[in-house]
Amino acid sequence: MPFEFPDQPWRGTTYWDWTLTPVKDAGGRVDRLVLSRMDTTERVLREQAIQKALTYAESIVDTIPEPLLILDSNQRVKTANHAFYKMFKVSIEETKDRLLYDIGNRPWDIPKLRELLEEVIPKNSHVKDFEVEHVFPNIGRKTVLLNASRFQQDAADMILLAIDDITQFKKAEEIRLENERLISANKARSEFLSIMSHELRTPLTSVIGYSILLREQELGKLNKKQEFYVDSVLANGKHLLSLINSLLDLAKMEAGKLELVVENVSVPEIISDSLNLIKEKARIQHIVLKKDLDPALNVIEADRQKFKQILFNLLSNALKFSKEEGGIIKVSAKKEGGMAKISVSDTGIGIREEDIPRLFRKFEQLDSGITRKYGGTGLGLAITKQLVELHGGNITVESRYGEGSTFTFSLPIAR
Ligand code: ADP
């Protein structure tokens, strides 16, 4: 009988094995009892220490965030930690003392894993970062790195298998690579555009220059037909030039090479200047120009030339997409918090609601019939939006098909 002596003053608790043996006389009667006792304190304390160390080791294994398995040499699971049960959504009953390949609905019956455990590990005592990709029934596709080492316990070979789930990392890595690829493709495209634009502009300048010279007729009179042809060369040359200029602007903006030259700019002045630029065309098209300016809004910090370009682009569109009988174009400006809010409204042909999301995309023209009639490149609004955003503002549009449109952009008053 094991026996525990509590709190002896000179030794503390001691442990004993006691044996009581009856000794019989010749007649078969018990006439004596022999009591022997053996001090087992040292052994018990040693066992307790081992148990403590074991619990300690198990609690460490359990708190390790990576799933861990300890297998015997026949691939039976001896121990698994909390992280393993959690990640693979299996219970202790489904796991302990089972063949690894048989856990749950046999998700672990993976050829590559068999290869690792049955061929690689017996030859090497350590295996590092053995990658396995597999679709697990409960948790879906996972990529894991397996690290394994062989060790001996009680003369038997055991295998420690650590599982590192790198699925997220792999996904992030794929996204990063894809991003890099896109960025460099985008950069290459922008560079290509910018080189092409330069190369195209040079010959065009002479096409336009010489047609202007011809059209001035100082070198000789043109007949009606020749005049018509030269006009056509000139108009198309100018159109091509504006297309190339727009492309160059866009390419520069996309490559992040367009920088703002910021100065104090008077909003009323820019609005007046821009309205002046379209005054003559508006008069011919029977369009009345109006403005409505908030006196609280005057000077803002912006790039003068780009601010003008934004407003001029919107005004040109308002003119271009006006109705044949004429109408009204109105520019309003007001202060809203730290922003200058400027709107250009027209009473033109308007935009269908479903077309609005396409408006600010490059090369988008909403209706090819209309475009053929009005001309244009489909780049104006894409550029305008980028110029506004470069300033830290934004641009929105409201429109009713057949009634007119209002484009509103905001620019920060102070940068
Ligand atoms: P474009 O050079 O063709 O004018 P934009 O990018 O400036 O290119 O405009 C894209 C398209 O948006 C135009 O082709 C037109 O269909 C539509 N759009 C732009 N502004 C207006 C407006 N004020 N009224 C109606 N439609 C407009």
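The text that follows walks through the structure, step by step, so that each part is easy to find. (Residues numbered from 1 in each chain as written. Predicted model: local features only at pLDDT ≥ 70, side-chain atom pairs only at ≥ 80, totals over all residues. Heavy atoms only, no water.)

**Some details on the packing of helix α5 (residues 167-216) against helix α6 (residues 224-254)**
Defined as follows: Whenever a helix is involved, its axis is fitted only over the stretch in contact; in every case the axis is a line through C-alpha atoms, and angles between N-to-C directions fall within 0 to 180 degrees. Secondary structure elements are defined from DSSP: runs of H or I of at least 4 residues count as helices, runs of E of at least 2 residues count as strands, and each element is numbered from the N terminus. In this scheme, roughly parallel covers angles under 35 degrees and roughly antiparallel covers those over 145, while 65 to 115 is roughly perpendicular and the rest are oblique. In this scheme the handedness of a crossing depends on how the near helix is turned from the far one: anticlockwise by less than a right angle means left-handed, clockwise means right-handed. Charged means Asp, Glu, Lys or Arg here, nonpolar means Ala, Val, Leu, Ile, Met, Phe, Trp, Tyr, Cys or Pro, and polar covers whatever is left, Gly included.
Put simply, α5 and α6 touch, their axes get as near as 8 Å, and they point 155° apart. Put simply, α5 runs roughly antiparallel to α6. In the packing of α5 onto α6, the handedness of the crossing is left-handed. Looking at side-chain class alone, the contact of α5 with α6 contains 16 nonpolar, seven polar and seven charged residues.

**What about the pattern of salt bridges?**
Worth spelling out the cut-off: Basic side-chain nitrogens of Lys or Arg form a salt bridge, by our definition, when they fall within 4 Å of a carboxyl oxygen of Asp or Glu. Each residue gets one of three labels from its accessible area relative to the maximum for its type: buried under 20%, exposed over 50%, partly exposed in between, using a 1.4 Å probe on protein chains only.
Scanning the entire structure with this criterion turns up 26 salt bridges. Across the pair Arg11 and Asp39 runs a salt bridge whose closest N-O atoms are separated by 2.8 Å. Note that Arg11 is positioned in the loop between β1 (2-8) and β2 (12-24) and Asp39 in strand β3 (residues 30-39), a separation of 28 residues in sequence. By relative accessible area, which is 36% here, Asp39 ends up partly exposed. Here Arg43 makes a salt bridge to Glu47, at a shortest N to O gap of 3.6 Å. Taken together, the residues span about one helical turn, with Arg43 and Glu47 both in helix α1 (residues 41-63) at a distance of four residues. Assessed through its relative accessible area of 37%, Arg43 is described here as partly exposed. Its relative accessible area of 45% is what places Glu47 among the partly exposed residues.

**As for the nonpolar core**
Where we set the bar: Only buried Ala, Val, Leu, Ile, Met, Phe, Trp, Tyr and Cys residues count toward a nonpolar core, and they belong to the same one when joined by side-chain atoms within 4.5 Å. The criterion used for residue contact is that any of the two residues' heavy atoms lie within 4.5 Å.
In this structure, Ile300, Phe307, Ile342 and Phe409 are the most contacted members of the largest nonpolar core, which totals 42 residues. With seven residues, helix α8 (residues 304-320) is the single largest residue contributor to this core. Setting aside chain neighbours within four positions, we find Ile342 in contact with Val267, Phe307, Leu311, Val331, Ser332, Ala333, Phe407, Thr408 and Phe409. Residues Met87, Tyr101, Phe130 and Leu146 belong to the second largest nonpolar core, which totals 29 residues.

**Focus on the environment of Leu177**
Relative to the assigned elements, Leu177 resides in helix α5. You can call Leu177 partly exposed: its relative accessible area is 45%. Taking the C-alpha atoms as reference, Leu177 lies 29 Å from Pro137; in sequence the two are 40 residues apart.

**Digging into the sheet that holds strand β8 (residues 156-165)**
Heads up, the rule is: We treat two strands as partners when DSSP finds at least two bridges between them.
Ordered in space as β5-β4-β8-β7-β6, the five strands form an open sheet in which the pairing is antiparallel. The open sheet has two edge strands with one neighbour each: β5 (77-80) and β6 (126-136). On average, adjacent strands in this sheet sit at an angle of 25° to one another, irrespective of strand direction. Sheet topology places strand β4 (residues 68-72) next to β8; five bridges connect them, and they run antiparallel. Residue Leu69 lies in a different strand from β8, and its bridge partner there is Leu161.

**Things to note about the packing of aromatic side chains**
Inclusion rule: Any Phe, Tyr or Trp ring, taking Trp's six-membered ring, that has another such ring centre within 6.5 Å forms a pair; planes under 30 degrees apart are called stacked, those over 60 apart edge-to-face, and the others tilted.
Considering all chains together, one arrives at eight aromatic pairs under this definition. Measuring from centroid to centroid gives 5.2 Å for Phe88 and Phe136, while their planes differ by 55°, and the two rings are tilted. Taken as a pair, Phe88 in helix α2 (residues 82-88) and Phe136 in strand β6 lie far apart in primary sequence, 48 residues in all. Taken as a pair, Phe88 and Phe136 share a single burial class, namely buried. Where Phe360 meets Phe407, the ring centres are 6.4 Å apart and the plane angle is 80°; that geometry is what we call edge-to-face. Of the two residues, Phe360 sits in the loop between β13 (339-346) and α9 (368-374) while Phe407 sits in strand β15 (residues 404-412), which places them 47 residues apart along the sequence.

**Let's talk about the pairing of strand β12 (residues 327-336)**
Summarising the sheet, strand β10 (residues 287-293) and β12 pair through seven bridges and their orientation is parallel. Considered in β12, the bridge of Lys290 is made with Lys330. Strand direction decides the pairing type here: β12 and β13, joined by eight bridges, are antiparallel. Within β13, the residue paired with Lys330 across the bridge is Ser345. The antiparallel hairpin formed by β12 and β13 contains two residues in its connecting segment, where Gly337 sits at a positive phi of about 60°.

**Things to note about the sheet that holds β3**
Taken in spatial order, the three strands make up an open sheet running β1-β2-β3, and their pairing is antiparallel. In the strand order of this sheet, the two ends are held by β1 and β3, each with one partner. For this sheet the average axis-to-axis angle between neighbouring strands, irrespective of direction, equals 35°. Its contacts with the sheet put α1 on β2 and β3, and the angle it makes with β2 is roughly 130°.

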